[in-house]
Amino acid sequence: MQVAPQQHGGGHERGMRSDTLSTPQILGFCKVVAIALLEQDTPHSVKKKLWAKLSTLEGIYLNEHLTQRLPGNLNISVEKVDEFALVLIRFLVNVV
């Protein structure tokens with residue numbers, strides 16, 4: 001079974017579409033992708049931002065080396081945390 005052309009003329013898309021591709025839209029999309037790639041956060045930058053916010057709070061300590069550490073992991077200690085509450089939170093996160 002062959003699909004019938006929706007519009008006639010032009011011959012794009014193997015004769016199925018007779019429209020001209022929008023060069024400004026294509027170039028605009030390429031520019032957006034280039035900007036997004038340049039400005040995207042790396043795991044290290046996300047981790048640094050998170051630690052910068054957490055380090056302002058009292059009773060939170062970093063448990064890892066300042067420079068030699070994994071990019072996607074932040075190892076911290078929180079002072080005066082109820083162990084039962086921590087286990088309950090962990091359980092609830094795994095259930096949901």
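Summarised in this report is the structure supplied together with it.

Parameters at a glance
- Once a new chain begins, its residue numbering starts again from 1 and follows that chain's sequence as written.
- Confidence filtering applies because this is a predicted model: local features only for residues at pLDDT of at least 70, side-chain atom pairs given and counted only at 80 or more, and all residues used for totals across whole chains, interfaces and linings.
- Side-chain figures throughout are based on the complete set of non-hydrogen atoms in the structure, without hydrogens or water.
- A run of H or I in DSSP counts as a helix once it spans at least four residues, and a run of E counts as a strand once it spans at least two, with each numbered from the N terminus.
- Only protein chains enter the accessibility calculation, which uses a 1.4 Å probe; a residue whose area is less than 20% of its type maximum is buried, one above 50% is exposed, and one in between is partly exposed.
- Should any heavy atoms of two residues lie within 4.5 Å, those residues are counted as being in contact.
- To be clear on the numbers: accessible area is Shrake-Rupley with a 1.4 Å probe, and residue cover counts the displayed protein chains and nothing else.
- One less than the number of residues in a helix, times 1.5 Å, gives the span that helix is expected to have.
- Each reported salt bridge corresponds to a side-chain nitrogen of Lys or Arg within 4 Å of a carboxyl oxygen of Asp or Glu.
- Patch membership is restricted to residues that have no salt bridge and whose relative accessible area is over 30%. Joining uses 9 Å for like charges and 5 Å for the nonpolar side chains Val, Leu, Ile, Met, Phe, Trp and Tyr.
- A 3.5 Å cut-off defines polar contacts: any pair of N or O atoms within that distance qualifies, except that in protein one atom must be a possible hydrogen donor and the other a possible acceptor, and neighbouring residues in sequence count only when both atoms are side-chain atoms.

## Comments concerning the overall build of the protein chain
So, step 1. Helix and strand counts for the protein chain stand at 4 helices and 2 strands.
So, step 2. Put simply, the protein chain runs from its N terminus to its C terminus through helices and strands in the order α-α-α-β-β-α.
So, step 3. Burial statistics for the protein chain: of 96 residues in total, 8% are counted as buried.
So, step 4. Within the protein chain, residue pairs in contact and separated by at least 24 positions form 16% of the contacts whose partners lie at least 6 positions apart.
So, step 5. Surface accessibility of the protein chain: about 8700 Å² in total, with carbon and sulfur atoms responsible for 62%.

## Some words on helix α2 (residues 23-39)
So, step 1. Its 17 residues place the ends of α2 24 Å apart at the C-alpha level, agreeing with the 24 Å of an ideal helix rising 1.5 Å per residue.
So, step 2. Within α2, only 0 of the 17 residues are buried, leaving the element largely exposed.

## Notes on the pattern of salt bridges
So, step 1. Scanning the model with the defined rule gives 1 salt bridge in all.
So, step 2. A salt bridge links glutamate 64 to lysine 47, with the shortest nitrogen-to-oxygen separation between them at 3.0 Å. Here the residue glutamate 64 occupies a position in the loop between β1 (60-62) and β2 (76-78), and lysine 47 occupies one in helix α3 (residues 43-54), the gap between them amounting to 17 residues. One exposure class covers both glutamate 64 and lysine 47, and it is buried.

## Remarks on a nonpolar patch on the surface
So, step 1. On the surface, Phe84, Leu88, Phe91 and Leu92 cluster together into a nonpolar patch covering about 430 Å² of accessible area.
So, step 2. Position of leucine 88 relative to the elements: it lies in helix α4 (residues 83-95).

## Overview of unusual backbone geometry
So, step 1. Even without being a glycine, lysine 80 presents a positive backbone phi close to 60 degrees.
So, step 2. Looking at the secondary structure, you find lysine 80 in the loop between β2 and α4.

## Structural notes on the environment of threonine 56
So, step 1. Mapped onto the fold, threonine 56 is located in the loop between α3 and β1.
So, step 2. We classify threonine 56 as exposed; its relative accessible area is 62%.
So, step 3. Among the polar contacts listed, one links the side chain of threonine 56 to the backbone oxygen of lysine 53, at a separation of 2.6 Å.

## Overview of the environment of leucine 54
So, step 1. Among the structural elements, leucine 54 can be located in helix α3.
So, step 2. Judged by relative accessible area, leucine 54 falls into the buried class, the value being 19%.
So, step 3. Separated by 22 residues in the primary sequence, leucine 54 and isoleucine 76 place their C-alpha atoms 9.3 Å from one another.
So, step 4. Apart from the residues lying within four places of it in its own chain, the contact partners of leucine 54 are Ile60, Leu74 and Ile76.

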